[in-house]
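Tertiary structure, described
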Amino acid sequence: MTTATRRDILRAGAALGVLLMVRPARATPVEMRVAIEAFTKGAPVSSGKVDLVLPPLVENGNSVPVTVNVAHWMRPDDHVKAVALFNEKNPQPNVAIFHLSHRAGRATVSTRIRLGDSQKIVAIAQLSDGTFWSDEAEVIVTLPACAES
Amino acid sequence: MTVRRSSLAAAVILLAGTALASDTDRRSGFDFMGPQTQAMQADDTANPGMLSVLDGEDLWNTPAGAANRSCADCHGDAATSMRGVATRYPSYDEKAKAPITLDQRILQCRADRQEAPPLAWESPDLLALSAYVAHQSRGLPVETGADPQLTPFIDQGRELFTQRQGQLDFSCADCHDANWGKRLGGAVIPQAHPTGYPIYRLEWQAMGSLQRRLRNCMAGVRAEPYGFGSPEHTELELFLMTRARGLPLETPGVRP
Amino acid sequence: MARTLINVPATAKRGEVVEIKALISHPMETGFRTGSDGALIPRDIIHRFACTYNGEEVFSADLFPAITANPFITFTTVAEESGEIALSWTDDQGNTQTETAKITVGQDPVE
């Protein structure tokens, strides 16, 4: 048994008349990384605690509903302090930064955002102990029919 | 990340399924939207179209024009006087000897009764008044076209709906009768029942009328769009509303 | 004044986590679009939103041009005592618009 190389797969795709999109593991674009570092002040970010909810298929990038839930209690001395949203392909990497006090009771926020293209969205939560937690989601943005010309 | 697999599955089913819209299978564009867009319309505190409805309520109660008269001065409480009115538009106007749209009726009232300068087509104020009046009929079935005087105009509207036009040589019926439920690019083709107008369209990031939407469709097939307030628009709207009879009004609808 | 639509429960139990929804009419002009004359349309967005509960800030947000036209934000707060919840939006011109809602909190704590 042999393992198919990337070249074999490409060749097979070409033979079938199929356009294959072979995407290398995409590094987080620089601007988004810089924006995230500005938010975390360079502190490490762990994955977990955060649940970023987005529709996998978006009908119009002008309005994409997004909800972030952070699974952490909201005690005066130990709570979620901030939740920030970032994107990698809009003209600007920042979307919103929400600031919470323990009086929010629950770390759940929703809003609607614009996405210029299919892309990755990152949500990062900052806890009062200074740790950062994150989740990310890939969103496919479809184009509407008969857009205004 | 929570992936909503059900909506993805629904999209795939829509790709596969298609049929002609029979009288018994008429569906609002609402049914073809994703669950998130449906939720946006269904919750009045989340529906951006409600901002326009509230603007319309203020305008309804504000005196305007040389007559210094508000809509409410004649019509009273819109919740009572305007209930069901939008379900019958476009309706036959004795003076014009032709059908007129709800927007045209509002403009007529404004000119004749308020003696106020006309509101521009697609202006926020005209859309707001129209949305407020139509909202009073939300949930009531469309009844347009019952008046026999409208028959020749409905026929004319049907003619426009089935007539091929533009550089792409498509009729409205080619998409909305023969291919509803299929996808045009990423978007599902609805049956073209204008039950939510004026709508908040995500594409516009604003409210807009059916005429604005029809102009988008016509530009889509590379045809010369009809002008705002033109008889063609009124006839097309009359035909579409007659065709949508029985479906509930949804104003303010949300569409992609 | 921009049109707003806010949703705050009129009544709640003490200690109950209540949801607040805030919708405001605003174009949220990104500053990245060009007009019909080809010139950039200047940025004009609401860049800050805040919620106070009897004067104390319980939630706020920094908003960027990626937020939709007619911004919509939902969040929660703990109903601690009866009083006033104030929501305010600040735009790029520095204008702040504030809307308030009364909340009545019952004596019985939530289970």
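Everything quoted here is computed from the prediction, not taken from an experiment.

Scoring rules and cut-offs
Residues numbered from 1 in each chain as written. Chains lettered and ligands numbered in written order. Predicted model: local features only at pLDDT ≥ 70, side-chain atom pairs only at ≥ 80, totals over all residues. Helix = DSSP H or I, 4+ residues; strand = E, 2+ residues; numbered from the N terminus. Rg over C-alpha atoms; globule rule 2.2 N^0.38 Å. Buried ≥ 20, exposed ≤ 12 C-beta atoms within 10 Å, placed from the backbone. Contact = placed C-beta atoms within 7 Å. Nonpolar A, V, L, I, M, F, W, Y, C, P; charged D, E, K, R; others polar. Core = buried A, V, L, I, M, F, W, Y, C linked by C-beta atoms within 7 Å. Domains from an automatic or database assignment. Expected span 1.5 Å × (residues − 1). Pairing = 2+ DSSP bridges. UniProt positions renumbered as here; feature names shortened; annotations may be inferred. Axes fitted to C-alpha atoms, helices over the stretch in contact; angles between N-to-C directions. Parallel < 35°, antiparallel > 145°, perpendicular 65-115°, else oblique. pLDDT = per-residue confidence, 0-100.

What follows covers the overall build of chain B. For chain B, the count of helices and strands is 11 helices and 7 strands. The globule rule puts the C-alpha radius of gyration for 256 residues at 18 Å, and the 18 Å found for chain B is close to it. Its C-alpha atoms put chain B at 60 × 45 × 30 Å along the principal axes. The buried share among the 256 residues of chain B stands at 41%. In chain B, of all internal contacts separated by at least 6 residues, the share reaching a separation of at least 24 is 74%.

Contacts between the two partners involve 24 residues from chain B, matched on the other side by 22 residues from chain A. Broken down by secondary-structure element, the contributors of at least two residues to the side of chain B that touches chain A are helix H1 (5-16), helix H2 (35-42) and helix H10 (210-220) of chain B. Of all the elements, H10(B) adds the most residues to the side of chain B that touches chain A, at 4 residues. Of the residues assigned to the side of chain B that touches chain A, the class counts are 12 nonpolar, 10 polar and 2 charged.

Turning our attention to the nonpolar core. Among the nonpolar cores identified, the biggest contains 116 residues, and A:Val83 and A:Ala125 are the most heavily contacted of them. Looking at this core, the element that brings in the most residues is helix H7 (residues 124-135) of chain B, giving 8 residues. Lining this core are residues from two domains, each supplying at least three of them: domain 1 (20-46 + 143-255) and domain 2 (53-135) of chain B. Contacts of A:Ala125, omitting those with residues within four sequence positions, involve A:Lys49, A:Val50, A:Val70, A:Val80, A:Val83, A:Ala107, A:Phe132 and A:Trp133.

Residue and element names in this part refer to chain B. Taking 1.5 Å of rise per residue, 13 residues should cover 18 Å, and helix H11 (residues 231-243) covers 18 Å from first to last C-alpha, within 8% of that figure. Looking only at H11, the buried set comprises His 233, Thr 234, Glu 235, Leu 236, Glu 237, Leu 238, Phe 239, Leu 240, Met 241, Thr 242 and Arg 243. Buried residues in H11 make contact with strand E2 (98-100), helix H8 (151-162) and H10.

Our next topic: the interface of chain C and chain A. The interface is formed by 22 residues belonging to chain C together with 25 residues belonging to chain A. Of all the elements in the fold, those that place two or more residues in the side of chain C that touches chain A are strand E5 (56-63) and strand E6 (72-78) of chain C. The residue makeup of the side of chain C that touches chain A, split by class, is 15 nonpolar, 5 polar and 2 charged. As paired strands, strand E6 (residues 94-100) of chain A and E5(C) are joined by 5 bridges and run antiparallel to one another. By the bridge assignment for E5(C), A:Leu100 is matched with C:Phe59.

Residue and element names in this part refer to chain B. In the numbering adopted here, UniProt assigns the feature "binding site: substrate" (unreviewed entry) to Arg 213. Relative to the helices and strands, Arg 213 is located in helix H10. You can call Arg 213 buried: it has 21 C-beta atoms within 10 Å.

Residue and element names in this part refer to chain B. Along its sequence, chain B is carved into domain 1 (20-46 + 143-255) and domain 2 (53-135). Relative placement of domain 1 and domain 2: their C-alpha centres are 22 Å apart. With 22 residues of domain 1 at the contact, the number on the domain 2 side is 21 residues. Of all the elements in the fold, those that place two or more residues in the side of domain 1 that touches domain 2 are strand E6 (206-208) and H11. Per-element tally for the side of domain 1 that touches domain 2: the top contributor is H11, with 5 residues. Split by residue class, the side of domain 1 that touches domain 2 holds 11 nonpolar, 7 polar and 4 charged.

This next bit is on the environment of C:Val78. Relative to the elements of secondary structure, C:Val78 occurs in strand E6. Beyond its immediate chain neighbours, meaning those up to four positions away, C:Val78 contacts A:Arg103, A:Gly105, C:Gly15 and C:Val17.

So, about the sheet that holds E6(B). All names here are of chain B. The sheet built from 3 strands is open, its strands ordered E6-E5-E7 with mixed pairing. Single-partner strands in this sheet number two, and they are E6 and strand E7 (253-255). Between one strand axis and the next, the sheet turns through 35° on average, direction left out of account. Judged from the 3 bridges that link them, strand E5 (residues 199-201) and E7 form a sheet pairing that is parallel. Bridge pairing in E7 places Tyr 200 opposite Val 254.

Cross-referencing UniProt, the feature "domain: Cytochrome c" (unreviewed entry) maps to residues 152-256 of chain B in the present numbering. Structurally, residues 152-256 of chain B comprises 38% helix and 12% strand, and the distance from its first C-alpha atom to its last is 33 Å.

Right, let's get into the packing of H8(B) against H11(B). All names here are of chain B. At a minimum axis distance of 7 Å, the contact between H8 and H11 shows a crossing angle of 95°. One finds that H8 runs roughly perpendicular with respect to H11. Contacts from Phe 153, Ile 154, Gln 156, Gly 157, Arg 158, Leu 160 and Phe 161 of H8 reach H11 at Glu 232, Glu 235, Leu 236, Leu 238, Phe 239 and Thr 242. Considered class by class, the residues forming the contact of H8 with H11 number 7 nonpolar, 3 polar and 3 charged.

What follows deals with the confidence of the model for chain B. Within chain B, residue pLDDT values average 92, and 91% of them lie at 70 or more. Counting contacts from residues 1-20 of chain B, a segment whose pLDDT is below 50, to residues more than four positions away or on other chains yields 27 contacts.

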